[in-house]
Amino acid sequence: MAAQMSLNQNETLAVTAHSPSIPQKNIGYLIQRNDLMDDEENEEDEFSIMSETINICTQTRLNRICMRSGLIGKYVKQIIPIHKPKKRKIKLMDWKRYHRLSVIYAFIDELEKDYPAICTVTVIGKSVEGRDIKMLKISNSDAQNSAVWLDGSIHAREWISTAVVTYIADTLVKNFKKLPKSIINKDWHIVPILNPDGYEYTHTRDRMWRKNRACYDGKYGVDLNRNFSYGWGYNGEEGSSDEPNNVFYRGPAPFSEPETVAVRDTILKSTTPFKVFLSFHSYFELIIFPWGYKKDPCPHYLRLLEGATVMARVTRFTQFTIVPE
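Residues numbered from 1 in each chain as written. Predicted model: local features only at pLDDT ≥ 70, side-chain atom pairs only at ≥ 80, totals over all residues. Heavy atoms only, no water.

## Comments concerning the overall build of the protein chain
Part 1 of the argument: Helix and strand counts for the protein chain come out as nine helices and 13 strands.
Part 2 of the argument: Counting across all 325 residues of the protein chain, residues that qualify as buried make up 43%.
Part 3 of the argument: Just so you have it, the protein chain exposes about 18300 Å², and 53% of that area is on carbon and sulfur atoms. (Helix = DSSP H or I, 4+ residues; strand = E, 2+ residues; numbered from the N terminus. Buried < 20%, exposed > 50% of the residue type's maximum accessible area, 1.4 Å probe, protein only. Areas by Shrake-Rupley, 256 points an atom, 1.4 Å probe, with all protein chains shown as cover.)

Next up, the structure:
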């Protein structure tokens, strides 16, 4: 079924001081120099002093301060590295706002770390500008499973598609043991951001940018949704365009873009057969299934129509349209 749904690990230092205690004015100086700490280091680095506890900085910075204040040799007996377990930086992920690429990727990486028995994160390709295209696979590793594909933000400005896809991933993973067999007998392949370059561009430059960031004839962007091979360019300028400055530019050739190549290669190289392919979009309340390039009914048309009707019902659309493309 194919359809579109519109710390750095740092050593801590134990500093053993002689008697008499470090003068209070020097302690105050060290504490006040919190500008020597990077913001991220403030969260991760811990420093302890036996008999006098002072939260300060890394060893080189400590030495520099102590040398200026005359503490080295007079008060410091030894500096002992203490190895502590690496702390993970948890970047806040919720569904009350839209997040940047780094937060989305950190979220699926955390799912893999917290649920290693069912979650695997892989890089299925690189974007035009060299960004990773990450995929989360959720699976119980049963060899009899079939495969499901979900992707979001193939069109960069459609942020809500990424929110929906990540919410589905979170729900699947955290409730996996309670879900019915019809759900857990699938290998879920989830790509939250298929167009990472365009997605970042919508956050930094142009909120309404749709395409990727490839450049042809001095014009930027290919509509990745029109860059797949089946029926590519079949209707000329109807439904897509061969003009690079057009918002529906299909690219110079099928699979000319690394993002669509990543999808193709992942599916074709899979040893598990794919039964469902869903690409999420916004903002119309539409469920669209093949064909997209001609009006003839596709194979299994009635089954797809039935499935789309059920999907529309369970998503509680009060009004909806099912459109064979």
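## Observations concerning the side chain of Glu259
Part 1 of the argument: By secondary structure assignment, the location of Glu259 is in helix H8 (residues 258-268).
Part 2 of the argument: One buried charged side chain, Glu259, makes no salt bridge at all; its nearest oppositely charged neighbour is Arg131, positioned 8.3 Å away.
Part 3 of the argument: For Glu259, the residues in contact, after removing those within four places along its chain, are Ser127, Val128, Ile133, Leu194, Asp197, Asn212 and Leu224. (Lys, Arg positive; Asp, Glu negative; His and termini not counted. Salt bridge = Lys/Arg side-chain N within 4 Å of Asp/Glu carboxyl O. Contact = heavy atoms within 4.5 Å.)

## Focus: a nonpolar patch on the surface
Part 1 of the argument: A contiguous nonpolar surface patch, about 250 Å² in accessible area, is contributed by Tyr98, Ile160 and Val164.
Part 2 of the argument: Relative to the assigned elements, Val164 resides in helix H5 (residues 159-174). (Patch = residues over 30% accessible without salt bridge, like charges linked within 9 Å, V, L, I, M, F, W, Y side chains within 5 Å.)

## Describing the environment of Gly239
Part 1 of the argument: Tracing the backbone through its elements, the reader meets Gly239 in the loop between strand E10 (219-220) and H8.
Part 2 of the argument: Distance from Gly239 to Gly292, taken between C-alpha atoms, is 8.4 Å for residues 53 residues apart in sequence.

## Here we look at the nonpolar core
Part 1 of the argument: By size, the foremost hydrophobic cluster in this structure holds 37 residues, and its most contacted members are Cys119, Leu136, Ile138, Leu150, Trp188 and Ile190.
Part 2 of the argument: The element contributing the most residues to this core is helix H4 (residues 101-114), with seven residues.
Part 3 of the argument: Look past the residues within four positions of Ile138 in its chain and what remains in contact with it is Ile118, Cys119, Ala169, Leu172, Val173, Phe176, Lys186, Asp187, Trp188 and Ile190.
Part 4 of the argument: Counting residues in each nonpolar core, the second largest holds ten residues, with Ile133, Met135, Val191 and Leu224 among its members. (Core = buried A, V, L, I, M, F, W, Y, C linked by side-chain atoms within 4.5 Å.)

## Points about unusual backbone geometry
Part 1 of the argument: With omega at 20 degrees, the peptide bond leading from Ser282 into Tyr283 counts as cis.
Part 2 of the argument: Relative to the helices and strands, Tyr283 is located in the loop between strand E11 (274-279) and strand E12 (286-289).
Part 3 of the argument: A cis amide bond links Pro290 to the next residue, Trp291, at an omega of 0 degrees.
Part 4 of the argument: Mapped onto the elements of the fold, Trp291 is located in the loop between E12 and helix H9 (301-314).
Part 5 of the argument: Located in the positive-phi region is Ser153, a residue other than glycine, with phi close to 55 degrees.
Part 6 of the argument: Summarising the element assignment, Ser153 is placed in the loop between strand E7 (146-151) and H5.
Part 7 of the argument: Look at Ser153 and you get buried, because its relative accessible area is 0%.
Part 8 of the argument: Despite not being glycine, Asp217 shows a phi value in the positive range, around 55 degrees.
Part 9 of the argument: Position of Asp217 among the secondary structure elements: in the loop between strand E9 (215-216) and E10.
Part 10 of the argument: Judged by relative accessible area, Asp217 falls into the exposed class, the value being 72%.

## Focus: the confidence of the model for the protein chain
Part 1 of the argument: For the protein chain, per-residue confidence averages 79 on the pLDDT scale, and residues scoring 70 or more make up 69% of the total.
Part 2 of the argument: Contacts from residues 7-67, a stretch scored under 50 in pLDDT, to residues over four places away or in other chains number 103 contacts.
Part 3 of the argument: Considering only residues more than four positions removed or in separate chains, one finds that residues 71-81, a stretch of pLDDT under 50, has 32 contacts. (pLDDT = per-residue confidence, 0-100.)

## Some thoughts on the environment of Asp206
Part 1 of the argument: You can see Asp206 is positioned in the loop between helix H7 (196-204) and E9.
Part 2 of the argument: What makes Asp206 partly exposed here is its relative accessible area of 31%.
Part 3 of the argument: On a C-alpha basis, the gap between Asp206 and Arg157 in space is 8.8 Å, while along the polypeptide they are 49 residues apart.
Part 4 of the argument: At 3.1 Å, the side chain of Asp206 and the backbone nitrogen of Met208 are in polar contact. (Polar contact = N/O pair within 3.5 Å; in protein donor to acceptor, adjacent residues only side chain to side chain.)

## Some details on the environment of Phe248
Part 1 of the argument: Note that Phe248 resides in the loop between E10 and H8.
Part 2 of the argument: Measuring from C-alpha to C-alpha, the distance between Phe248 and Lys211 comes to 8.2 Å, with 37 residues separating the pair along the chain.
Part 3 of the argument: Apart from residues no more than four positions distant in its own chain, Phe248 is found in contact with Arg210, Asp223, Arg226, Gly239, Ser240 and Ser241.

## What about H8?
Part 1 of the argument: Taken together, the buried positions of H8 are occupied by Glu259, Thr260, Ala262, Val263 and Thr266. Along H8, the residues classed as buried sweep out an arc of 150 degrees about the axis, all on the same side.
Part 2 of the argument: Looking at the packing, one finds that the buried side of H8 touches strand E5 (119-126), strand E6 (132-138), E7, H7 and E11. (Arc of directions from axis to C-beta.)

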